[in-house]
Amino acid sequence: MSREQAQNIIRDIEKRGFRAYLVGGCVRDLLLGRMPEDWDIASSARPEQIMEIFGAQALPTGLKHGTVTVKTWDGAYEITTFRTDGAYSDGRHPDAVAYTKTIEEDLSRRDLTINAMAISSSGRLVDPFDGAGDLARRVIRCVGKAERRFSEDALRILRAIRFASVLDFSVEEATRQAIHKQAALLKKIAAERILVEMNKLLCGTGCREVLLSYPDVLGVFIPELLPCVGFDQKNIHHCYDLYTHITYAVAAIAPEPVLRWTMLLHDIGKVDTFTVDAAGSGHFYGHPQRSAAMAEEICRRMRMRNADREEIVKLIRWHDRDIPVTEKGIGSAVSALGEESFRRLLQVKRADNLAQAEQFRWVGEKITAAEEILQELLQKKSCLQLKDLAINGHDLLARGYAGREVGAALQSLLQMVIGGEIENSREALLSALPEKK
């Protein structure tokens, strides 16, 4: 998709006597100097007129809301007729829409000022709510009254703080108050829609500040986070309360959804496992297992992909495990997790450490040493996983092994190789196994 092709579509519409504009997110991105992912168009032409103009290229993808999609060689462009929205009885979608005559009326129904701008074919900016000014001031503000915008569509609450995170903007005061006041409306929103917004929010450059400012919003759909807010860990390793530690850990890891979700949930089991010893120090024995179990439930509730959920739960279960910084220790961990997950685990451990008291940052040196050992093992093409063994399941079947015995025997051989007890050669491996009768 490209601006040039979008402008061609606009010109085709204007040739038929209608008005058309680039609108919404693409305008925002252009003003920010970013390349838009989508190029949406608003027009005074009605859907049936757009269908007539573009013929076979036009698809009636959203006629209920006045939208037609025009397919071109480089992508699909949505064209929506100028409209105003009716009542939102479900708190998510307008019950009906009414077509209107001006782009200004169309922009007035939108959520945020930075999304309520349009650009004409001549390059004229239409900005009735000073969205460009808010971009310059780095402010997130609702169009009109924030409470009305959020009551129309509760997902806008999450969209507002998502944009604050992604753009690293502050939230205008009236909008901020409405977010806190109406956060409970998010209960109406499907988990799948919340997940899309959360994936973007968590990967934003302003994520930590947003998480710190809006735990009540996240608590609507992840109530397990709320007991963490202000929770004193009473432990010398920690200079922050539990929730603040979590937010720093999220911000300290690469902005990938699986990694960010892992850090958001990695310590949520601490409240349930908290104990205080005779000296007054806090401990959290078993918290990785408890956190992993809670994360499993949360990820299922959020309708995450199975692969993402399983990876998050696995990383949380392992995040506090002491892995010996030796070839055998690293080899065993890679054998259990796989190379990719082990590399992610090291990132998790580093982010966790960076969110702890500064005097314990030396742990990062151990993580670096583990990374170096892993690299050496890979360069030497060491045997780290079952696929690296010089024999496979067929060899064991020929020796009389069957069913689960095959996998168990191969795992035992792998650990012996990793531990340096036997060589990874066909002869050595087979001789280490008694033949089955």
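Preceding this section is the structure that the text describes.
Structural notes, computed from the coordinates. (Residues numbered from 1 in each chain as written. Predicted model: local features only at pLDDT ≥ 70, side-chain atom pairs only at ≥ 80, totals over all residues. Heavy atoms only, no water.)

So, the overall build of the protein chain
Rule in force here: Numbering of helices and strands starts at the N terminus; helices are DSSP runs of H or I of at least 4 residues and strands are runs of E of at least 2. All radius of gyration figures rest on C-alpha atoms, and the globule criterion is 2.2 Å times the number of residues raised to 0.38. Relative accessibility thresholds used throughout: buried, under 20% of the residue-type maximum; exposed, over 50%; partly exposed, between the two (1.4 Å probe, protein chains only). The contact rule is simple, with two residues in contact once any of their heavy atoms fall within 4.5 Å. The accessible surface values rely on the Shrake-Rupley method and a 1.4 Å probe; as for residues, cover is taken only from the protein chains in view.
Looking only at helices and strands, one finds 22 helices and 13 strands in the protein chain. Since a compact globule built from 437 residues should have a radius of gyration of about 22 Å, the 28 Å found for the protein chain marks it as more spread out than a globular shape. Projected onto the principal axes, the alpha-carbon positions of the protein chain cover approximately 85 × 60 × 35 Å. A total of 437 residues make up the protein chain; the buried ones form 49% of that total. Counted over contacts in the protein chain with a minimum sequence separation of 6, partners at least 24 positions apart contribute 62%. Carbon together with sulfur atoms contributes 50% to the accessible area of the protein chain, which is approximately 20,400 Å² in total.

A closer look at the side chain of Asp29
Here Asp29 is to be found in helix H2 (residues 25-31). Asp29 sits in the buried class, given a relative accessible area of 13%. Dropping the residues within four chain positions of it, Asp29 is found in contact with Arg34 and Pro36.

A word on the packing of helix H12 (residues 242-251) against helix H13 (residues 257-265)
Going by this rule: Throughout, an axis means a line fitted to C-alpha atoms (over the contacting stretch in the case of helices), and angles, computed between N-to-C directions, take values from 0 to 180 degrees. Working definition: roughly parallel below 35 degrees, roughly antiparallel above 145 degrees, roughly perpendicular at 65 to 115 degrees, and oblique for all remaining angles. Working rule for handedness: look at the near helix, and if it is turned counterclockwise from the far one by less than a right angle, call the crossing left-handed; if clockwise, right-handed. Put simply, Ala, Val, Leu, Ile, Met, Phe, Trp, Tyr, Cys and Pro go in the nonpolar bin, Asp, Glu, Lys and Arg in the charged bin, and everything else, Gly too, in the polar bin.
Interhelical geometry of H12 versus H13 gives an angle of 165 degrees and a closest axis separation of 8 Å. In terms of orientation, H12 and H13 fall into the roughly antiparallel class. The two elements H12 and H13 meet at a crossing, and its hand is right-handed. Contact residues: H12 offers Ile246, Ala249, Val250 and Ala251, while H13 offers Arg260, Met263 and Leu264. Within the contact of H12 with H13, the residues separate by chemical class into 6 nonpolar, no polar and 1 charged.

Brief notes about the pattern of salt bridges
Pairs can form between side chains of opposite charge once their charged atoms are near each other. Counted only if it meets this: Salt bridges are identified by distance alone: a Lys or Arg side-chain nitrogen within 4 Å of an Asp or Glu carboxyl oxygen.
With the rule as written, the count across this model stands at 34 salt bridges. We note a salt bridge from Glu152 to Arg148, for which the minimum N-O separation is 3.3 Å. Of the two residues, Glu152 and Arg148 both sit in helix H6 (residues 146-152), 4 residues apart, roughly one turn of that helix. Using a relative accessible area of 11% as the deciding quantity, one classes Glu152 as buried. The class for Arg148 is exposed, based on a relative accessible area of 54%. In this structure, Glu224 engages Arg301 in a salt bridge whose closest nitrogen and oxygen atoms are separated by 2.9 Å. In this pair, Glu224 sits in the loop between helix H11 (215-221) and H12 while Arg301 sits in helix H15 (residues 287-301), placing the two residues 77 residues apart along the sequence. On the basis of relative accessibility, which here comes to 19%, the residue Glu224 falls in the buried class. Since its relative accessible area comes to 26%, Arg301 is described here as partly exposed. If you follow the salt bridges from partner to partner, you end up with Asp130, Asp134, Arg137 and Arg141 in one network.

A look at the nonpolar core
Stated formally: Nine residue types can take part in a nonpolar core, namely buried Ala, Val, Leu, Ile, Met, Phe, Trp, Tyr and Cys, and a core is a set of them joined through side-chain atoms within 4.5 Å.
In this structure, Leu158, Met198, Trp261, Leu264, Leu265 and Phe342 are the most contacted members of the largest nonpolar core, which totals 103 residues. With 8 residues, helix H7 (residues 155-167) is the largest single contributor of residues to this core. Those residues in contact with Met198 that lie beyond four places of it in its chain are Leu158, Leu218, Phe221, Trp261 and Leu264. One finds Leu389, Val406, Leu429 and Leu433 within the second-largest nonpolar core, a separate group that totals 16 residues.

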